[in-house]
Amino acid sequence: MDEVKDNITIEDVIKKQKENYKHFNESLIRKAYEYAKLHHGNQVRKSGEPYMIHPVNVAYILTTLELDDESICAALLHDVVEDTPVTHEDIVKEFGDTIAQMVAGVTKLGKIRYSTVEEQQVENYRKMFLAMGKDIRVILIKLADRLHNMRTLKFLTRDRQIAISTETRDLYAPLANRLGIYSLKWELEDLSFKYLNPDKFHEIVLGLDKKREERLKFLDQINKSIADKLKEEGIKAEVTGRAKHIFSIYKKMERDNKTLDQIYDLFALRILVDTVKDCYAALGVVHELYTPMPRRFKDYIAVPKKNMYQSIHTTLLGTKGTPFEVQIRTWEMHRTAEFGIAAHWAYKEASNKGSKKEVVVTEDKLAWLRETLEWQKNTQNPAEFLNTLKTELFDDEVFVFTPKGMIKAMPRGATPIDFAYSIHEQIGHHMVGAKINSKMMPIITPLHNGDIVEIITSDQSKGPSRDWLKFVKTSSAKTRINQWFKKAQRSENIEKGKEVLDKEIKKLTIKSSELLKSEWIKKVLDRYGFQTIDDMYASIGFGGISATKVLARFLEEYNKEHEDQDFEKKIEELASAKPNKLKPSKSGVIVKGIDNCLVKLSKCCNPLPHDDIIGYITKGRGVSVHRTDCVNVKDLLKDNEGRIVDVSWYDKIKGSYSSEIEVFSTDRGGLLRDIIKQIDNSKAKLMGVNSRTTKTGIAIIELTLETESIDDLNKLMNSINHVDSVYEVKRKRG
């Protein structure tokens, strides 16, 4: 991106757009400017400057990304619908549907009332992402809008500076990163950091200035040696140096627990060449000149990031052992690194037709966005929406392989469950196990770079477990698991939803018949995108939307008709209400609808916290809890369906639990000793051992253990699985 200029005018916008395109629609851009100027009139910003300074600067930022004329016009008009009497229809009439739709996508939701500020903001994000799905230019305008607001943040109050900077750091900077627009990402991060941690920001700035000349001298020497060697080898290249961005330096200081003086690679060299072949030739040159640091090499050319970024990164040791980073890429890769998705807008000038352009975007570049849009349809809870959205935006990946060698990029912390659903929905639904690097591993094991993952499926699988939702990282896996449960348990969810909503209504001392009027029901269904009232009940029962959120909308309609004096109080109570939590039994199990119930963990399958479990109401002995894969459960379901009850583990459970595992190994001397050594090094207690050897030389060792949770048990099973000659470790089934 160009250096930040002061006092940007419409003439600067026109001049820059003329540099970008030989044929551009100057009259349309000027028309949009005059239209916005007329309707914003005498409006001023917090700085006291004329309001038009803002849309003109936003438009200029977009010209540095080389966006088209329609985008520039939409940027100039992006606040007129929100801040002036101009309507969407007016924009359509004057500038056409495309520009009007972009303006609508950037405009915030202002006319709809929400029960909480958080809900309002989440709906703004939803609207923004839906608009992105229709036209990605909407988010580019939004990012430019946010960047100029951050550049002028000094005029706002301290609390607004913190709120806007936090949102920028957590949402907009990661979004720019996800779209590969590093020229925006770095500045958004640095400006956020400046306001959120001003002392540390200025400390780093002053520290960099102190030794700037010394470091630049060091970098110039290396620059010259590399440039001369490349020329000698006949490789056409441009070698430039750059300082690392302030926020990235701060993150490195925090991550490595170092002071600024202890970080030497504050500057990096970038080598730009013509071809991919030259990239690897240049890499050979720099590795010949300087010693590469182990484990500090990344090849994003062979395996590009999801945001299209391609480059080779290597860290080398200079004179006196001082490390420095080198990035090697082609000119086209560099353009993508700076502009990201914006670089993939291809403008094809029709022959002999002057300014007509066709916009083309590569579909696979936005696959993650389609997944996000699909996932958000099923997520009504604001906190869950924001948390998952942030997870989706952070581009921290691991690269794993299928058994046939196909590479899959997964978010850091992803599990074999995520991997299974990334292959196909039915693979995920029928998954019963996973092998990582040819060893059976728990399906919740986090994946690491280079892992080879094999998914084991079975037609006898009953489908996914709700507990999987606690471990999966990808929105696509969450979406498909949620959809499975919605479809499989629809009738049950409808009844549950009715029950929950009715319970909330009773708290308000208003009859259901007075509140759930047919005309109001239609308005609520439209607001939240439900087709039928059963869809609404099912979503409440499933947990897709809260009963209080739906009820708040009904209360709005009720208030319009009755002018209820306590309306605001009721809304506040709904927004702040905390769900009643049932107390867990001594065994750490919560029985749905029953408090202080006698609960026994069945000995036939020894369930542990986080196991999938089912409850069975016994005669006179309370509720017996079994693992869902227990061999006895099938008979219980067949003969006593009316006595099956929903049970779940209490989140903060503590205690010790008995469990049994089986170890399968090739028999050898010292095997049992090595296994017991692993147990001694774990949090588990060994309560019993039974071992035998088959005629074929297979050792089968049964261990009775005491652990505090299934996590501890899984860790132990994993360590035993790494013992020499052991090929499988599994829980004993009832």
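Anything mentioned here points back to the structure above.
Every chain is numbered on its own, with residues counted from 1 as its sequence reads. Local features in this predicted model are restricted to residues whose pLDDT is 70 or higher, and side-chain atom pairs enter the listing and the counts only when it is 80 or higher, whereas totals over whole chains, interfaces and linings include all residues. As a rule here, side-chain values cover all heavy atoms of the structure and leave hydrogens and water aside.

*Asks:* Would you explain the sheet that holds strand β12 (residues 453-457) in this entry?
*Replies:* Backbone-to-backbone hydrogen bonds join strands into a sheet, with any given pair of strands oriented parallel or antiparallel. Any two strands with at least two DSSP bridges between them are considered paired. Comment: elements are numbered from the N terminus, with helices defined as DSSP H or I runs of at least four residues and strands as E runs of at least two. Spatially, β11-β10-β12 is the arrangement adopted by the 3 strands of the open sheet, whose pairing is antiparallel. The sheet is open, and its two borders are formed by β11 (439-441) and β12, each paired with just one other strand. Going from strand to strand, the sheet's axes swing by 35° on average, the running direction of each strand aside. Pairing of strand β10 (residues 431-436) with β12, which is carried by 5 bridges, proceeds in the antiparallel orientation. By the bridge assignment, Lys 435 is partnered in β12 with Glu 454. Between the N-to-C directions of two axes lies an angle of 0 to 180 degrees, each axis being a line fitted to C-alpha atoms and, for a helix, fitted only over the stretch in contact.

*Asks:* Explain the pairing of strand β15 (residues 613-617) here, please?
*Replies:* As a general feature of sheets, a regular strand has side chains that alternate between the two faces. Burial classes: relative accessible area under 20% of the type maximum marks a residue as buried, over 50% as exposed, and values in between as partly exposed (1.4 Å probe, protein chains only). The element β15 is extensively covered by neighbouring structure, given that 4 of its 5 residues are classed as buried. Of the strand pairs in this sheet, β15 and strand β16 (residues 623-627) are connected by 5 bridges, and their pairing is antiparallel. Considered in β16, the bridge of Ile 613 is made with Arg 627. Pairing analysis gives 2 bridges linking β15 to strand β17 (residues 644-645), with the strands arranged antiparallel. Within β17, the residue paired with Gly 615 across the bridge is Val 645.

*Asks:* Would you explain the packing of aromatic side chains in this entry?
*Replies:* The description of an aromatic ring pair uses the distance of the two centres, along with the angle that the planes make with each other. Any two rings among Phe, Tyr and Trp, with Trp reduced to its six-membered ring, count as a pair given centres within 6.5 Å; such a pair is stacked if its planes are under 30 degrees apart, edge-to-face if over 60, and tilted if neither. Tallying each qualifying case throughout the model produces 9 aromatic pairs. Centroid distance Tyr 290 to Phe 324: 5.3 Å. Interplanar angle 90°. Geometry classified as edge-to-face. Taken together, the residues span a long stretch of sequence, with Tyr 290 in the loop between α15 (276-289) and β3 (291-299) and Phe 324 in strand β5 (residues 323-330) at a distance of 34 residues. The same class applies to Tyr 290 and to Phe 324, which are both buried. Here Tyr 300 and Tyr 309 contribute two aromatic rings whose centre-to-centre distance is 5.9 Å and whose plane-to-plane angle is 70°, an arrangement assigned as edge-to-face. Taken individually, Tyr 300 and Tyr 309 each receive the classification buried, so the pair is uniform in this respect.

*Asks:* I keep staring at the pattern of salt bridges and nothing clicks. Help me out?
*Replies:* Here the idea is simple: oppositely charged side chains can pair when their charged atoms come close. For this document, the term salt bridge refers to a Lys or Arg side-chain nitrogen within 4 Å of an Asp or Glu carboxyl oxygen. In total, this model carries 18 salt bridges according to the counting rule given. The closest approach of N and O atoms between Arg 151 and Glu 187, which form a salt bridge, is 2.8 Å. Here Arg 151, found in helix α9 (residues 137-151), pairs with Glu 187, found in helix α11 (residues 182-196); they are 36 residues apart in sequence, far enough to count as distant. Take Arg 151: its relative accessible area is 23%, and that puts it in the partly exposed class. With a shortest N-O distance of 3.3 Å, Asp 674 and Arg 673 are connected by a salt bridge. What you see here is one network of salt bridges that share partners, running through Arg 668, Arg 673, Asp 674 and Asp 724.

Just geometry here; none of it tells us what the structure is for.
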